[in-house]
Each structure stands twice: as C-alpha cells, then as structure tokens.
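If you want the building blocks of each chain, they are given just below.
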Amino acid sequence: AEYRKYYLVDLFRRKGFVRKKCENCGKYFWTLNETRKRCDDQPCSPYTFIGNPPTEKKLDYVNTWKTVERFFVAKKHASIKRYPVVSRWRPDLFFTVASIIDFQRVEGGKVVFQLPANPLIVPQMCLRFNDTPSVGVSGKHYTSFCMLGQTSIAGKGGYWKDRCIDLDFELLTKSFGVEENEVSFIEEVWLGYGAFGYSLEYFVRGLELGNAVFTSFEGTPSKYTPMKERVVDMGAGLERLTWLTQGTPTSYDSNFADVLKKMKEVSNVEYDEALFLRYSRIAGAMNLDDYKTISEARGVIAKSLGVDATRLAGQFGPLEAMYAIADHARTLLFAITDGMLPSNSGGGYNLRVLFRRAQNFIRRYGFRLTLGEVANWHIDYLSRMYPELAEHREDVGEVLSVEEARYTSSSDRVAKIVASVSSSGQSPSTEQLVQLYDSEGVTPEQLSAAGVNVSLPENFYDQVLARHATKQREVEEERPSFAVAKVAPTKLLFYDEGAKFEFKARVLKVFEGKYVVLDRTAFYPRGGGQEPDHGRIGDAQVTEVVKYGDVVIHTVVGKTPRSGTTVDCQVDGTRRRKITQIHTATHILNGSSRQVLGPWVWQHSAFKEEDYGRLDITHFAHLTQQEVEKIEDLANEVVRKNLPVNTSFMPRQEAEEKYGFRIYQGGIVPTRSIRIVNIGNWDIEACGGTHAKRTGDVGLVKITKVERVQDGVERLEFVAGESAIEYAHRMDSALNHVSATLETQRENIAKVAESLKAELEAVRAREKALGLRVVELSTAEVLSSAKEVKGVKLYVGSQSSLSEELIIAQGQKCTESDPSLVYVRVFAIGNSARVVCFVGAKARESGLSAGDIARQVASVLGGSGGGSAAFAQGGGPSLDRIEEAVRSVEGTVASLVRG
Ligand SMILES: [Zn+2]
Ligand SMILES: [Zn+2]
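Residues numbered from 1 in each chain as written. Chains lettered and ligands numbered in written order. Predicted model: local features only at pLDDT ≥ 70, side-chain atom pairs only at ≥ 80, totals over all residues. Heavy atoms only, no water.

**Student:** Go over the overall build of the protein chain, please, and point to the residues and values.
**Tutor:** Scanning the protein chain from N- to C-terminus turns up 26 helices and 32 strands. Overall size of the protein chain, expressed as C-alpha extent along the three principal axes, is 115 × 90 × 50 Å. By the burial criterion, 53% of the 899 residues in the protein chain qualify as buried. For the protein chain, the exposed area adds up to about 40,100 Å²; of that, 49% sits on carbon and sulfur atoms. Taking the average location of the 114 positive side-chain charges in the protein chain and that of its 114 negative ones, the two points are 3 Å from each other. (Helix = DSSP H or I, 4+ residues; strand = E, 2+ residues; numbered from the N terminus. Buried < 20%, exposed > 50% of the residue type's maximum accessible area, 1.4 Å probe, protein only. Areas by Shrake-Rupley, 256 points an atom, 1.4 Å probe, with all protein chains shown as cover. Lys, Arg positive; Asp, Glu negative; His and termini not counted. Charge placed at Lys NZ, Arg CZ, Asp CG, Glu CD.)

Put into structure tokens, the structure is as follows:
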C-alpha cells in the first residue's frame, strides 16, 4: 500500500496509531483512539475545546510562542527572527503568505530553497486577505496571523518526516500537556509553487493546529520528478495554539486579550455572554466557505440556536466589529512597519481596503478609538516578541493618521452616495457594488447599515482587489528576431576597475546589417533604468546597446564592420560620465528621501539619462518645498563628504543577511550572486548600473521638479554633476532674458514682476468698470431700437465691441429696465459663433423662454444652446452664418409667442 510509503511515520508505528477512514468525509486519519469513527476536521467533528481546553496551562500569545521556541531550541533548532510581511524577495507576491516563503527564491522560473539555518523555527507573521469578510465573524479567521514555521532540509544536519512528526507530537503532549489519544493526523497532499509533497495535518478537539508538509517532488502529482533537496515545511498557527490552551469563545479573545480589554474600556460593548459561547461553538465548527454570504451563515446559526437572525446580528455585531478592528489594526501595523503604505495600487490597495473596513466599523458603532491607538496597544503587548514594532511606533502612527484624515475628508461624499442609493430603493448588483467601492470608496457594509438590501458575495473583496492586483512581474525579456543564442557570451568590460573607454574587439557576428556582436564590450547596455552608452565601433556610430541573455547587441549606423575583423571601439566618455553622475545621484537621493520622509520610502522606479534623472518614491503625501530642500541639502552633504562607492559581487544569502531586503530597491535579482553597491553605508542596493567611485564625483545634485505620479508615488526629477551645471546655465540665461525684457536688475525681478501683475489687475478692473458704464449708457439706445413682435419688444444685435461678459451685463440690465423686452445678440468669439438671449419677466408671460430661442438660433450656427426661461446662451462653429442667424431671430420669436 502506497500510504505506508508516504504516511506511516515512525511515531505511528512505535505508538501503535491506527489508520482509519472518516465515516463522514472519507478522508484517512491516524489516531490512538480505537473508538474514533470520524476525522477531527470540520464539519466532521465539533470544537470541543471551547470552554474546555485540553492543555495543562492557559497561555497567552507571547508565552505560547515562548513555549514553542523553548521546545524547538532544546531540540537543536535555530530560532530565526521573522522576515518582513512585505515579500520584496518574491516577484510574484506582495505579502509573505506562509513561513516557507521566507526561504524560497525564484531562479529562472524555479523555486530554490535558501535556509539561514537547518533545522529552524520562525514565528512568521503572514498576511492573507482572501477571508476578509469572515474576519471577526467566524471566530478564527485573520488577515494576519503568526505561522510557526518548523523548517528542515533532510540531511545536512536537518531531518525528514519521522523526526518532524515525533517533535510535533512531543510538543503537544509534553510541552502543552495534551493527552496522547487526543492528537490525530489527517492524510493530505499539498500542492505548492511548482512543487508538492505529502502532508499530515494535526488536530486536537476539532481544532486544526498545524500542517506538516514533506515537499519532495517537482511538478504536479500526474507528472513529477523527485527533488534534489527534500524539505520539511511544517506550519502551525500560533493563534490556534493559544486558543486551544484558553478555550475562549473565539480565537480573538485569546490572542487579542490585552488589546480587546483596552478597546472595551473606552468603548463599552454589552452582549449575552452565555448565548455568545453557544453561538461561537456552532460558528467555529462551520465552514463559512459553504455559504454565499455571512448573513446566510448567520441565519443557519440562528436557526440552530432557536433565536431570531436579526436579533443575533444586532447582539453580536458590535463585538464582531471590535474583533475585526483588532485584527485589521494588527495587519496594518506589521505591513507599515515593514515598509508598505496604503494606496490605490498593488498590495497597498489591500491595506487601504482594510483600513476603510475597520474605520467604517468604528464609525458605525461609535467606538471612541482610532486605529492608531489600537495599533499602539498591539505594540505595547507584541513588542516583547517583535521588538522592531516599538522602533516604528511613530512612523506607523503618522501613516495611520494621514490615512484617517483622507478617510474623513471623503466620508461626506460617501454619505451622500449611500443616502441616494438607499432612497432609490434598489439593491445593487455585485458589479455595481464593486464599482461603488472602487470609484467612490462606498463599502457594502455601509450600504447595508443604511438599509440597502445588499447580498454580499464571499469573494467580494477578492473581486475588488483583482482590479488592483498588478504585482510587478518580471517583464518577459524582448527577444530579437535573430538567433543570438548561437553566439558566444560577450565579455563585459564596463564593470572592470580602471575600465577604458577605448578598446579593441573582434566582431563575432553581424545580424541584418546593423546589429553587431563583439567578443568583448565596454558599452553599457540599456538596463536597470539606465540608458545605454553611445560611441563608435570602427567607423560606425553606436545608437543602441541591448543585452539578450549573455550576449550584448550593438545597433550601429554608418559603415558596419565585417564579421571576423578586429575593430577599434570608443565609448562616448562624456555621455557615460554624465549618466554615471545621474545614476549615482539616484542612490544618494533615495537615501536622503528615506532619511527626511520616513522608512516607508522605497524606490518605485527610476530612470537615468545623460542630462536628466527621475526617481519615483513611495510616500503618502505631496512633498512640501521644505521637504524637497531638505532632501536636496542632505544629498549634497553626502556629495561633499566624498564617501566611497563600493561595488562587489556577493552571494545573495549573505547580502540579504548583512543588509536586509532594502537592497531590492530596483526589484529582485534572480541570481545567486548579486552586485551590491554600497555608498558609504548611506544607501546599499543591489544594482547592475555604472556608478561614480566616490560621491564627490557627482559634484552637485539639483532637484528640478516634484510631482505626484499616482496615489502613493512622488516623482523627483533632478540633474547632477555636469548636467546640473548646464541646468544652472540654462536657468541663468532665462533669468537674464526676463531681466532684459523687464528692463531691471536680476535682483529686482520678483518685485518688478509683482508690481507689473498688480498694475495689470488694476487696468483690467478699470476696463471692466468703464465697460459697465458703457452698458448703462447704451440701455436707452437698445430699448429704443427694439421693435414690436406679436406683443413683445425684440432687440436683435450682432457684432459688437463689447466682451461676452459685458454683453451679458447689457442683456440683463435692459430686460430689467423693460420686462417686456426680448434681448438677443449673435456675435463671434475666436473661432466660434455665440448667441446670448434674455427674456424679460413680462415677455415670459407670453410663453417665451430664453432657452428655446437660444437653442433654435444656435442650431442655425451649427451647434446647440440652452438655459433657463430668463437667460440662455449657446453657439456653434458656423461663423459665416451669423448674419443668417440674426435674421432668423424675429421669425423664431414670433413662432414661439403663445396665442
Ligand atoms: Zn471527516
Ligand atoms: Zn545603481
């Protein structure tokens, strides 16, 4: 039997575990309890630990971890610090979703393992957003949780499945004191990223505690090969273990005990505790995924409790909201600490969704607390286990308060939309719900609270997130149409110390008469946001350089060198030097932005050209003039210090351990050896570009423009070194030009410009006053030249020296002094013909409306018009029909008069 090979571990054999088939779900499980007929998973078994924990002691969250850590360290495991929850080392994920992610790197589309110690245990915070609607309600779902990762590579000091299961069993029975016959294991197959393995999930009293995966195959179960390294990946939920020892109604009561206590102190929540315990036992044993909506699931619980569903929601709504707030605040705390900001794109959007959801709960139930305070309470408790949280207390507070201000400023608008949907009496479709959330920030919960009939699908937030999930995947390398793979790799000279811009090389191949491959090159190919070198190969000009795999292709114009010949090559040294100054300045500015603004600053993208640099950074607000100056001053201080710029290749693992994941500012590097650029410990990044030898070579850094390019991303445009001097020259000559035009000294330009502007405003005001006077004086003339048409007085004017503003003033004035007047003027402004129409109060009694008249006259002009009965305007493109339009007015008015 196959199962013996995969699941029959030493412990089962030694202790006499029996293998059984669950009579309810058909899964196979292992137990010491001969009478057990069902597996211990939901829905086959209820939660029997609630109100009745099976352990010797009740432990809080931190002490549960300490117990686990003590056990594994005694068993020769290294206790590793958690990795960031923002998984910068993975191109395919925003967040660390499992402990094993810490130790996986992607190389050439394949996963490789990189363990800092073997075997090890890590308390890895993981973020997952797919269960968001269940959080707070189910009693066990979280958006962030701690996965206790027990990881080992077989051999090399590590172990395989027998020892893994031995240890897990010993931990539960010896350290936690659970009876041996209460622990059972279910057989599973676990599928991962291009790899899979057999696994044993272990349970106590209905609660799944951990899953030990024995990863040993590459591919899929139908087509696979054994892996070189067999990896034990056991993940247990710290939240589950804590809960098991306490047996509280929900997992939140155990794990957020301190925080909930403080939350309840400031915001009183009253509920029937006995009913809640019964409610929790049922809710905990239910699989919420089986229900379309949370309210449907609640209906089922209500029925089995024999209470009214609406009453149940009213009873426990505030409590569940509190649980959700505690969870969301903890998730935001870890994500922000690890350098991600709430925003409208990518992983930042998950955070914004979560923030709004929590904030809506606070508002709906009138809790007297802020997410910043809740995050602080988490820090107070959790920093015993995660001291880095306390170091970022202020940063997290700042980010959360900015997000709160943003929420508050949009909430009035949201309230209006909610009211209008509510009064329409319709129930929005899922598509409409997503739309409302996405473009207006209106959550289904808000609509539901306003009495709108909302049926919220389980995957609602997934649908919303799917619109924003554009994790930067590695861009598929563009392939040329010709066979570069057959050419020998190009030797790269541009990284060599003392590299010369002049070199000799042999032409290996020429494609399509203009794509040249050399055996060696000092030309830097386009890459990492840095523009390529230009120069000369033989007598041909190099206009583009690109690297495909290991081969560098030079695009040339002019006399193409022949294949097989040796040529003299010359890199344009001035261009290279200027690009290098800009590139080095990018690193320096990245470092000073982080210093001035905060640790959430990451390079979003960058571009380095000969006379222009661009650095996009992640930040939550527009940069102030003061901040920009500080960033620039600090950058120039680094330049003046003339710090060394050290570049060296080092093993990826060593670089990550030494410098952390901050090195991946420009994205991940999918190779084992990476090039580290260290600017005097000011800024350390993995980078393949060209850099100055010392910061002094950059000369000067000048920020020329700052703008927001998308929510959460600020762009700095800058020049450096020689291009900064050129920039200064350009600004100088522009200033000279202005000073000559204003006929004043440069020092006085600002003053003179201000007084000129004031003078111009005064002239305009005077002109307007004069115009109004002209309008007044012309009233009598207009009235006297009006003619009688079917009982109303009609004035039709054409071109005039009056501005449109004054024409409107005239029409108004005239119809005020004679209410039986209809005033119409057709005239040209720029490239279009316009009509302005007023109908006096008395004239309106005969059924005339300015809107009707303007519309008809404008149609003669080939356009449209409209307005109220008293005043309307319009226009069209047909300038040549102004006269015709003027002539049409009388007939139009006559036809519109009633009677
Ligand atoms: Zn079962
Ligand atoms: Zn660089």
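**Student:** Which residues make up the coordination of the zinc ion (ligand 1), and what values do they have?
**Tutor:** Each protein donor to the zinc ion (ligand 1) is listed here as Cys22 (SG), Cys25 (SG), Cys39 (SG) and Cys44 (SG); together their distances run 2.3 Å. Mapping the donors of the zinc ion (ligand 1) onto the primary sequence yields the spacing C-x2-C-x13-C-x4-C. Taken together, the residues span a long stretch of sequence, with cysteine 22 in the loop between β1 (18-21) and β2 (28-31) and cysteine 39 in the loop between β2 and α3 (61-74) at a distance of 17 residues. (Donors = N, O, S within 2.8 Å, 3.2 Å for Na, K, Ca; no water.)

**Student:** For the packing of aromatic side chains, give the residues involved together with the corresponding values.
**Tutor:** Across all of its chains, the model carries 45 aromatic pairs by this definition. Ring geometry for tyrosine 795 versus tyrosine 823: centroids 5.4 Å apart, planes at 20°, classification stacked. Of this pair, tyrosine 795 sits in strand β28 (residues 792-797) while tyrosine 823 sits in strand β29 (residues 821-829), placing them 28 residues apart in sequence. For the pair tyrosine 795 and tyrosine 823, a shared accessibility class is recorded, and that class is buried. Joined through ring pairs, the aromatic side chains of Tyr142, Tyr252, Phe256, Tyr271, Phe276, Tyr279, Phe316 and Tyr323 make up one cluster. Just above the ring of tyrosine 28 sits the side chain of arginine 19; from NZ or CZ to the centre is 3.9 Å. (Phe/Tyr/Trp six-rings, centres within 6.5 Å; stacked < 30°, edge-to-face > 60°. Lys NZ or Arg CZ within 6 Å of the ring centre and 35° of its normal.)

**Student:** Describe the pairing of strand β5 (residues 110-113), naming the residues involved and giving the relevant values.
**Tutor:** As defined by bridge partners, strand β4 (residues 104-107) adjoins β5 across 4 bridges and the pair is classed as antiparallel. Each bridged residue has a counterpart across the sheet, and for glutamate 107 the counterpart in β5 is lysine 110. Between the end of β4 and the start of β5, which pair antiparallel, lie 2 residues, with glycine 108 showing a positive phi angle near 55°. (Pairing = 2+ DSSP bridges.)

**Student:** Talk me through the sheet that holds strand β7 (residues 144-153); I want residue IDs and the actual numbers.
**Tutor:** The 9 strands are arranged β1-β2-β8-β9-β10-β11-β7-β6-β3 in an open sheet whose pairing can be described as mixed. Each edge of the open sheet carries a strand with a single partner, namely β1 and β3 (78-79). As judged from the 7 bridges shared by β7 and strand β11 (residues 223-237), these two strands associate in the antiparallel manner. Paired with isoleucine 153 across the bridge in β11 is valine 231.

**Student:** I'd like to hear about helix α11 (residues 346-364), residue by residue, with values.
**Tutor:** Compared with the 27 Å implied by 1.5 Å per residue over 19 residues, the 28 Å span of α11 between its first and last C-alpha is a close match. The buried fraction of α11 is high, at 17 of 19 residues. The positive-phi residue at the C-terminal boundary of α11 is glycine 366, with phi of around 60°. (Expected span 1.5 Å × (residues − 1).)

**Student:** Before we move on, can you summarise the coordination of the zinc ion (ligand 2) with the specific residues and values?
**Tutor:** The protein atoms that coordinate the zinc ion (ligand 2) are His583 (NE2), His587 (NE2), Cys687 (SG) and His691 (NE2), at distances of 2.0 to 2.2 Å. Coordination geometry of the zinc ion (ligand 2): the 4 donor atoms subtend angles of 98 to 127° at the metal centre, consistent with an arrangement described as tetrahedral. The sequence pattern describing where the donors of the zinc ion (ligand 2) fall on their chain is H-x3-H-x99-C-x3-H. With a gap of 104 residues between them, histidine 583 in helix α18 (residues 573-597) and cysteine 687 in the loop between β24 (683-686) and β25 (701-710) connect regions that are remote in the sequence. By relative accessible area, histidine 583 is classed as buried at 0%. (Tetrahedral: all angles 85-135°; square planar, octahedral: opposite > 155°, others 65-115°.)

**Student:** Please give an account of the nonpolar core that cites residues and values.
**Tutor:** The biggest cluster of nonpolar side chains holds 193 residues, and the ones touching the most others in it are Phe12, Phe185 and Met263. A total of 15 residues in this core trace back to one element, the largest contributor, which is helix α10 (residues 309-337). When near neighbours in sequence (up to four residues on either side) are disregarded, phenylalanine 185 contacts Leu11, Phe12, Phe17, Tyr28, Phe29, Trp30, Ile165, Phe169, Leu200, Glu201 and Tyr202. Ranked by size, the runner-up nonpolar core spans 26 residues in total, among them Leu794, Ala850, Leu861 and Ile882. (Core = buried A, V, L, I, M, F, W, Y, C linked by side-chain atoms within 4.5 Å. Contact = heavy atoms within 4.5 Å.)

**Student:** Help me get a handle on the pattern of salt bridges, residues and values and all.
**Tutor:** Taken as a whole and assessed by the stated rule, the structure comprises 46 salt bridges. Lysine 156 is the partner of glutamate 229 in a salt bridge, and the nearest nitrogen-oxygen pair spans 2.6 Å. Taken together, the residues glutamate 229 in strand β11 and lysine 156 in the loop between β7 and α4 (161-175) connect sequence positions 73 residues apart. Between glutamate 707 and lysine 705 there is a salt bridge, with its nearest N and O atoms 4.0 Å apart. By relative accessible area, glutamate 707 is classed as partly exposed at 30%. Residues joined by salt bridges that share partners form a network here, namely Arg352, Glu403, Arg406 and Asp711. (Salt bridge = Lys/Arg side-chain N within 4 Å of Asp/Glu carboxyl O.)

**Student:** Residue-level account of the pairing of strand β13 (residues 502-511), with values.
**Tutor:** Pairing geometry for β13 and strand β19 (residues 566-571), over 5 bridges, is antiparallel. Across the sheet, glutamate 502 pairs through a bridge with glutamine 570, a residue of β19. Hairpin connection from β13 to strand β14 (residues 515-518): 3 residues lie between these consecutive antiparallel strands, with glutamate 512 at a positive phi of about 50°.

**Student:** Can you explain helix α7 (residues 257-266)? Please cite residues and give values.
**Tutor:** For α7, the complete set of buried residues consists of Val259, Leu260 and Met263. An end-on view of α7 places all buried positions within 95° of arc, on one side of the element. Residues of α7 that are exposed and point over 90 degrees away from its buried face: Lys261 and Glu265. Packed against the buried residues of α7 are α6 (251-255), α10 and α12 (371-382). (Arc of directions from axis to C-beta.)

**Student:** Which residues make up the packing of α3 against helix α5 (residues 238-246), and what values do they have?
**Tutor:** Interaxial distance between α3 and α5 falls to 9 Å at its minimum, and their mutual angle equals 105°. Regarding the angle of α3 to α5, the classification is roughly perpendicular. Judged by residue contacts, Tyr61, Thr64, Trp65 and Val68 of α3 engage Leu238, Glu239, Leu241 and Thr242 from α5. Here the residues of the contact of α3 with α5 are counted per class, giving 5 nonpolar, 2 polar and 1 charged. (Axes fitted to C-alpha atoms, helices over the stretch in contact; angles between N-to-C directions. Parallel < 35°, antiparallel > 145°, perpendicular 65-115°, else oblique. Nonpolar A, V, L, I, M, F, W, Y, C, P; charged D, E, K, R; others polar.)

**Student:** Talk me through the sheet that holds strand β21 (residues 612-618); I want residue IDs and the actual numbers.
**Tutor:** If you walk across this open sheet you meet the 4 strands as β20-β21-β26-β25, and the pairing is antiparallel. Across the chains shown, the open sheet's two edge strands, defined by having one partner strand only, are β20 (603-609) and β25. Adjacent strand axes in the sheet meet at a mean angle of 15° when their direction is disregarded. Seen against the sheet, α18 touches β20, β21, β25 and β26 (713-720) and runs at an angle of roughly 155° to β20.

**Student:** Account for the domain arrangement of the protein chain, with residues named and values stated.
**Tutor:** Here the protein chain is described as being made up of domain 1 (2-248), domain 2 (273-468), domain 3 (500-571), domain 4 (578-730) and domain 5 (784-896). Distance from the C-alpha centre of domain 1 to the C-alpha centre of domain 3: 55 Å. (Domains from an automatic or database assignment.)

**Student:** Break down unusual backbone geometry for me, citing the residues and quoting the values.
**Tutor:** In this structure, the amide linkage connecting glutamine 42 to the following residue, proline 43, adopts the cis form with an omega of 5°. Mapped onto the secondary structure, proline 43 falls in the loop between β2 and α3. With omega at -5°, the peptide bond leading from asparagine 118 into proline 119 counts as cis. Among the structural elements, proline 119 can be located in the loop between β5 and β6 (120-127). The residue lysine 156 is not glycine, and still its phi comes out positive at about 50°.

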